[in-house]
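This is what each chain is made of:
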Amino acid sequence: MIITNGLSRVCMAGLLLGVSLAASAREQVTQASADIRRTTYGVPHIRATDERGLGFGIGYAYAQDNLCLLANEVVTVNGQRARFFGPDQATLEERNNLASDVFFTWLNTPETVAAFWKAQSPEIKQRIDGYVAGYNRYLQEQGAPAQCQGAWVRPLVADDLVKLTRRLLVEGGVGQFAEALVGATPPQATASLQPGAKAFATAAANQQRFSLDRGSNAVAVGRDRSFNGRGMLLANPHFPWVGGMRFYEMHLTIPGQLDVMGAALPGLPVVNIGFNQHVAWTHTVDTSKHFTLYRLTLDPKDATRYLLDGKSVALKKTSLTVQVKQPDGSLKAVNHTVYSSPFGPVVRWPGKLDWDARYAFSLRDANLDNDRVLQQWYAMNRADSLKSLQTSVHTLQGIPWVNTVAADDQGQSLYMNLSVVPNVSAAKLAQCSDPRAGLQMIVLDGAHSACAWDIDPRAAQAGIFPASQLPQLQRTDYVQHSNDSAWMVNPKAPLTGFSPVISQDSIGLGPRARFALQRLHALEKQPISVADLQGLVMDNEVYLAGQVMPDLLAFCAKQLGSDADTLQPLCSSLKAWDQRANLDSGVGLVHFINLMEHLQQTPDAWRVAFDPANPLTTPRGLAIDRAPVANTLREAMLASTAAVGKLGAAHWGDVQVSGHTPMHGGPQELGIYNAMQTVPRADGKREVVSGTSYLQIVTFDDKGPQALGVLAFSESSNPDSKYSKDQTQAFAEKKLRPLPFTDAQIQADPQYQTQHIKE
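Residues numbered from 1 in each chain as written. Predicted model: local features only at pLDDT ≥ 70, side-chain atom pairs only at ≥ 80, totals over all residues. Heavy atoms only, no water.

Caption draft 1: The arrangement of the sheet that holds strand β6 (residues 258–264) in detail. The strand order across the open sheet formed by ten strands is β19-β17-β16-β8-β7-β6-β5-β2-β1-β30, and the pairing between neighbours is mixed. Sheet topology places β19 (472–475) and β30 (753–758) at the edges, where each strand pairs with a single neighbour. Averaged over neighbouring strand pairs, the angle between their axes works out to 15 degrees when direction is ignored. Along the sheet face, helix α11 (residues 373–381) touches β6, β7 (273–276), β8 (279–285) and β16 (402–408) and points at about 145 degrees away from the line of β8. Against the sheet, helix α12 (residues 386–396) touches β8, β16, β17 (413–416) and β19, its axis set at about 5 degrees to β17. (Pairing = 2+ DSSP bridges. Helix = DSSP H or I, 4+ residues; strand = E, 2+ residues; numbered from the N terminus. Axes fitted to C-alpha atoms, helices over the stretch in contact; angles between N-to-C directions. Contact = heavy atoms within 4.5 Å.)

Take a look at the structure:
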């Protein structure tokens, strides 16, 4: 066992002196202590007697595993990347450092950070203060790892965690428009900072990838379908494997008050997805809108003024300053002005949202006013029934941009699309929106105050829908979700009639949802087991192969024409392929990916088009008898033959990897439930950057929760840690492990070790 002696509070206060007087003042409280008990794969089970002590343990354990990751994210959300790394480098999201700094300086002003802190409960403040102290204690003891030593790694203050939380909040809104905010300057004005075409192209790609990189699957099974009459939950979030959205597995205990296990995002002292004694829950990225744009009609005499209800109103100017490192190491102040209306900041996206002499666009993000998010997960962590979890979400409405799917020990399943959604009714959309813009991005008329979001006193926040008007469904058979609208959560009880800002019905389902619903239907005459839920992910079935492979093989048999000899190896590999995305699956999968990438962009490629009356079975088949489809398919086959020939791979595990570890799963666009997003490497392989992350399957019996799980990318982002690749290898081998939850299970773990820490 590892026992670590504590340093005095005086030492810790001295460490923080000069960093933040406010933080130093907060140190004058009861000395914090915690036990960090680690089990197999280094999973920390953190136990303390109070909130501050629990936060202290979380911060210390997280620093042990991910100090460099968190330090890097802290630099980002403080708008200091150009200060330390120069203006021309980029973040992990490929955003230019200077543009990133301007955005986060705008987002995390001292006033907004202070207001967020003031709104927190005493318990949340204690948890955050403890987290800061624990991280700082480890940094003082051990220093920064070799890969992140430098002046940019410093002790934390509570404001850093607030800024990280606010970054999370806007991920589904204005955070996707950082370049557009930074690049918004009046026409003919000289811009102090203007992102180029490449920056906007990258931003557009990141927008399109948002739901892919942060997509998820979830299934909650009720008593009528489960093997033991209790609730079951499959949590399969698809989140980034690197950076500020990388999950961390942990178990938090305050005896007699709290006992919750699951995964948390960096800098958050609560469990975001997990389970406790009575309830298990997960989240999936929703399709609801969390922001709207407003088209401002400008004053013809001045493009920095706009017309509101017939009156000319000046745009507000906010001056921002960021420090930029020069080639000689000195710092230079760069000033930038952000313009805004009462709706929000002005954004400019060349070719899409232009600021000219007639119009400008302002963006209003509902989550900028969401100061309830930490309290929301705090309450969910403590829920002692499905009803109490549901009540907390109804009351607080702190979930930012995800659905909630849950099950409990009484055999109930629950779906809630109760996130923070602008209160824009269908009638207001008809009155105020530009129909040419469609529903992908809501654009309202900013010339009339009547087009502002409606205010409902029942809502937890002005301008959002109250919980009672949002989709939710409680069942004793099942609910499921895979990033579609709320419509087909359970086909026996369609959720319809909502404002398009919330959810749309009678639209095509994604292939992952169709796959899950097909599997659940196939199991209708037998109880659903743990193995069934695990198989949804680990079977790696390519759902779309079942929909189109007969037509592809028919094309191979009859329509190759003069290209028959060239394309015969491709056709042979398609025929031999097992229609899965396992490590040993043949290169027919690579060909299938290449072909479908072209066909899914081809109009009228489906033989049977989508039919709202048959959403589970349409669209399907390939219209190979139509010349445009046949021509596209033949061209795609020729291109794939050339590309795969250069690859020199025999199996899927030769292509998709994490570092040196072959990785199963594949593109979600093909209906692969075990979705993986990859980027090409110089050696021709595909590196996993996002996908199945924290996988948990939770059931309940008389003894409480029984859980299996794996953190696909492992606990530590430090390559020198023994916990940096161990779970990755286990995931590659499809090995889920029992998650030790009780004291007896924890202490019986073969890798059990304990560490007592105190201030």
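Having put the structure on the table, let's press on.
Caption draft 2: Geometry of helix α8 (residues 158–169). Relative to the 16 Å expected for twelve residues at 1.5 Å per residue, α8 spans 17 Å between its end C-alpha atoms, a close match to the ideal helical length. Most of α8 sits out of view: eleven of its twelve residues are buried. Every buried residue of α8 is accounted for by Ala158, Asp160, Leu161, Val162, Lys163, Leu164, Thr165, Arg166, Arg167, Leu168 and Leu169. (Expected span 1.5 Å × (residues − 1). Buried < 20%, exposed > 50% of the residue type's maximum accessible area, 1.4 Å probe, protein only.)

Caption draft 3: The arrangement of the state of the cysteines in detail. In this structure the tally under the stated criterion is three disulfides. Disulfide pairing places Cys68 opposite Cys148 at an S-S distance of 2.0 Å. Looking along the S-S bond of the Cys68-Cys148 disulfide, the torsion reads about -75 degrees, which is the left-handed sense. Residue Cys68 is found in helix α3 (residues 51–77), and its partner Cys148 is found in the loop between α7 (122–142) and α8; the two are separated by 80 residues along the sequence. Of the two residues, Cys68 and Cys148, neither departs from the other in class, the shared state being buried. Paired through a disulfide, Cys556 and Cys571 show a sulfur-sulfur distance of 2.0 Å. Between Cys556 and Cys571 the disulfide shows an S-S torsion of about -85 degrees. By sign, it is left-handed. A residue pair is termed long-range when its members are at least 10 positions apart, and Cys556 in helix α16 (residues 543–558) and Cys571 in helix α17 (residues 564–576) qualify at 15 residues. Using a relative accessible area of 12% as the deciding quantity, one classes Cys556 as buried. (Disulfide = S-S within 2.5 Å.)

Caption draft 4: Representation of the environment of Thr91 within the structure. Residue placement: Thr91 occurs in the loop between α4 (81–85) and α5 (97–107). If sequence neighbours within four positions are ignored, Thr91 has contacts with Arg81, Asn97 and Ser100. A polar contact is formed between the side chain of Thr91 and the side chain of Glu93, at a distance of 3.1 Å. (Polar contact = N/O pair within 3.5 Å; in protein donor to acceptor, adjacent residues only side chain to side chain.)

Caption draft 5: Broad picture of the confidence of the model for the protein chain. Per-chain confidence: the protein chain averages 94 in pLDDT, with 94% of residues scoring 70 or above. In the model, residues 1–27 has pLDDT below 50 throughout and makes 52 contacts with residues more than four positions away in sequence or in other chains. (pLDDT = per-residue confidence, 0-100.)

Caption draft 6: View of the pattern of salt bridges. Overall, the coordinates contain 24 salt bridges when judged by the stated rule. Here Arg382 ties to Glu51 by a salt bridge, and the two come within 2.7 Å at their closest N and O atoms. Residue Arg382 is located in the loop between α11 and α12, and its partner Glu51 is located in helix α3; the two are separated by 331 residues in the primary sequence. Under the relative-accessibility criterion, Arg382 is labelled partly exposed at 28%. Two residues, Arg519 and Asp539, come together in a salt bridge whose shortest N-O distance is 3.0 Å. Taken together, the residues Arg519 in helix α14 (residues 511–522) and Asp539 in the loop between α15 (530–538) and α16 connect sequence positions 20 residues apart. What makes Arg519 buried here is its relative accessible area of 18%. Under the relative-accessibility criterion, Asp539 is labelled partly exposed at 28%. Three or more residues are tied together by salt bridges with common partners; here these are Asp35, Arg37, Arg47 and Asp743. (Salt bridge = Lys/Arg side-chain N within 4 Å of Asp/Glu carboxyl O.)

Caption draft 7: Just the UniProt feature "active site" (unreviewed entry) in the protein chain, in detail. Here the UniProt feature "active site" (unreviewed entry) sits at Ser216. Inspection of the secondary structure assignment puts Ser216 in strand β3 (residues 216–221). Not counting residues up to four positions away in its chain, the partners in contact with Ser216 are Asn236, Pro237, His238, Phe239, His283, Thr284, His481, Ser482, Asn483 and Arg512. Reaching out from Ser216, the side chain makes a polar contact with the backbone oxygen of His283 at a distance of 3.5 Å. (UniProt positions renumbered as here; feature names shortened; annotations may be inferred.)

Caption draft 8: Representation of the packing of aromatic side chains in the model. Under the counting rule described, the total for this entry stands at 14 aromatic pairs. Plain terms: the ring middles of Phe85 and Trp152 are 5.3 Å apart, the flat faces sit at 75 degrees to each other, and that makes the pair edge-to-face. Placement of the pair is Phe85 in helix α4 and Trp152 in the loop between α7 and α8, with a sequence separation of 67 residues. We classify Phe85 as partly exposed; its relative accessible area is 27%. Geometrically, the ring pair formed by Phe515 and Tyr673 is tilted, given 5.5 Å between the ring centres and 55 degrees between the ring planes. Taken together, the residues span a long stretch of sequence, with Phe515 in helix α14 and Tyr673 in the loop between β24 (661–662) and β25 (676–680) at a distance of 158 residues. An identical accessibility class is assigned to Phe515 and Tyr673; each is buried. (Phe/Tyr/Trp six-rings, centres within 6.5 Å; stacked < 30°, edge-to-face > 60°.)

Caption draft 9: Quick look at the pairing of strand β13 (residues 331–341). Here strand β12 (residues 316–325) pairs with β13 via ten bridges, running antiparallel. Its bridge partner lying in β13, Thr321 is registered against Asn335. What sits between the antiparallel neighbours β12 and β13 is a turn of five residues, in which Gly329 has the positive phi angle 95 degrees. Pairing of β13 with strand β14 (residues 344–347), which is carried by two bridges, proceeds in the antiparallel orientation. Bridge pairing in β14 links Ser341 to Gly344. The antiparallel pairing of β13 with β14 creates a hairpin that spans two residues between the two strands.

Caption draft 10: The packing of α16 against helix α18 (residues 588–599), seen in detail. Contact geometry of α16 with α18 gives a least axis separation of 12 Å together with a crossing angle of 90 degrees. Between α16 and α18, the interaxial angle falls into the category roughly perpendicular. Between α16 and α18, the contacting residues are Leu544, Ala545, Val548, Met549 and Leu552 on the first element and Phe592, Leu595 and Met596 on the second. By residue class, the composition of the contact of α16 with α18 is eight nonpolar, no polar and no charged. (Parallel < 35°, antiparallel > 145°, perpendicular 65-115°, else oblique. Nonpolar A, V, L, I, M, F, W, Y, C, P; charged D, E, K, R; others polar.)

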